[in-house]
Amino acid sequence: APRWVFVASGMVFVSDTGQNRVFIWKKLPLGQAYAPPDVVLGQQELQHTGRNAGTSVSGSTLMYPSGIWSDGKRLVVADAWNHRVLIWHSMPEQHGQAADVVLGQPDFGSNQPNVHGIGASPSARSLNWPYGVYVHDDRLFVADTGNRRVLVYNSLPVENGHPAEFVV
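Here's what I pulled together on the structure shown here. All residue numbers refer to positions counted from 1 along the written sequence of the respective chain. Local features in this predicted model are restricted to residues of pLDDT 70 or higher, and side-chain atom pairs are both shown and tallied only at a pLDDT of 80 or more, whereas totals for entire chains, interfaces and linings draw on every residue. To obtain the side-chain values, all non-hydrogen atoms of the structure were used and water was disregarded.

## Here's the deal with the overall build of the protein
Definition in use: A run of H or I in DSSP counts as a helix once it spans at least four residues, and a run of E counts as a strand once it spans at least two, with each numbered from the N terminus. Throughout, the radius of gyration refers to the C-alpha atoms, and the reference size of a globule is 2.2 Å times the residue count to the power 0.38. Throughout, exposure labels follow a simple rule: accessible area from a 1.4 Å probe, protein chains only, divided by the maximum for the residue type, with under 20% read as buried, over 50% as exposed, and the rest as partly exposed. Every residue pair with non-hydrogen atoms within 4.5 Å of one another is taken to be in contact. Surface accessibility in these figures is a Shrake-Rupley result with a 1.4 Å probe; residues are shielded only by whichever protein chains are displayed.
Each helix and strand in the protein was counted, giving zero helices and twelve strands. If you list the helices and strands of the protein from N to C, you get β-β-β-β-β-β-β-β-β-β-β-β. Taken against the 2.2 N^0.38 rule, which gives 15 Å for 168 residues, the C-alpha radius of gyration of the protein at 15 Å falls within 12% of a compact globule. Referenced to the eigenvectors of the C-alpha coordinate spread, the extents of the protein come out at roughly 50 × 35 × 25 Å. Taking all 168 residues of the protein together, 52% fall into the buried category. Within the protein, contacts between residues at least 6 apart in sequence are counted, and of these 41% link residues at least 24 apart. When the accessible surface of the protein is totalled, it reaches about 7900 Å², and 54% of it is carbon and sulfur.

And the structure:
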């Protein structure tokens, strides 16, 4: 159930949403049907598919990943059903590699909508079903679908739970 494809610097990124993982090919696998990805995020093994890798939510798990952005050096993934966005400040090199930063949650072990649970008021720090991400001129844009808004960060955050500078 792929939901998103992104190409950057010759690399191919696919959110395999229904299988709770993201595939990374370091180069486009032309002429090779069913080419295995070089890196799988959200799972420890290529063939695994469980929500949050069948364990508790962490910096290395995913549940319904959707939007992807990369410049070939950094990677941003909208982890929709964990109500967060994950950022890798250097390109992941191994299966299940943990993210460097989480947005929308105070830490990697949390995954409730709007941080405090269903029905809580949204804030500049919270997310509810983020489905899309994009970076332009180093500004991060997050489509916070469940809260019907877009969050804008002036730069790619380097700390967990960083608040957005603008909410549209």
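## Digging into the sheet that holds strand S5 (residues 65-70)
Worth spelling out the cut-off: A strand pair is defined by DSSP finding two or more bridges across the two strands. Axis geometry follows a simple rule: fit a line to the C-alpha atoms, using only the stretch in contact for helices, then measure angles between N-to-C directions, giving values from 0 to 180 degrees.
Across the sheet, four strands lie side by side as S5-S6-S7-S8; this open sheet has antiparallel pairing. The open sheet has two edge strands with one neighbour each: S5 and strand S8 (101-103). Taking the axes of each pair of neighbouring strands and ignoring which way they run, one obtains an average angle of 20 degrees across the sheet. Both strand S7 (residues 84-88) and S8 contribute to a ladder of three bridges, which runs antiparallel. Residue pairing in the sheet places isoleucine 87 in a bridge with valine 101 of S8.

## Structural notes on the pattern of salt bridges
Applied cut-off: One side-chain nitrogen of Lys or Arg within 4 Å of one carboxyl oxygen of Asp or Glu is enough to make a salt bridge.
Scanning the entire structure with this criterion turns up six salt bridges. Between lysine 26 and glutamate 93 there is a salt bridge; the shortest N-O distance is 2.8 Å. Of the two residues, lysine 26 sits in the loop between strand S3 (21-25) and strand S4 (39-41) while glutamate 93 sits in the loop between S7 and S8, which places them 67 residues apart along the sequence. The exposure class assigned to lysine 26 is partly exposed, which follows from its relative accessible area of 41%. A salt bridge links aspartate 144 to arginine 149, with the nearest nitrogen and oxygen atoms 2.7 Å apart. Accessibility classification places aspartate 144 together with arginine 149 in one group, the buried group.

## Some words on the nonpolar core
Inclusion rule: Here, nonpolar core means buried Ala, Val, Leu, Ile, Met, Phe, Trp, Tyr and Cys residues that are tied together by side-chain atoms lying within 4.5 Å of each other.
Membership of the largest hydrophobic core comes to 34 residues, with the highest contact counts inside it found for Phe13, Leu75 and Leu140. Apart from residues no more than four positions distant in its own chain, phenylalanine 13 is found in contact with Trp4, Val5, Phe6, Ala8, Phe23, Ile24, Ile68, Ser70, Leu75 and Met91. Core analysis: the second largest hydrophobic core is formed by six residues, Val14, Phe23, Trp25 and Ala35 among them.

## Quick word on unusual backbone geometry
Here serine 9, not a glycine, exhibits a phi torsion of approximately 50 degrees, which is positive. The phi dihedral of arginine 148 falls on the positive side, at around 55 degrees, and the residue is not glycine. Judged by its relative accessible area of 74%, arginine 148 falls in the exposed class.

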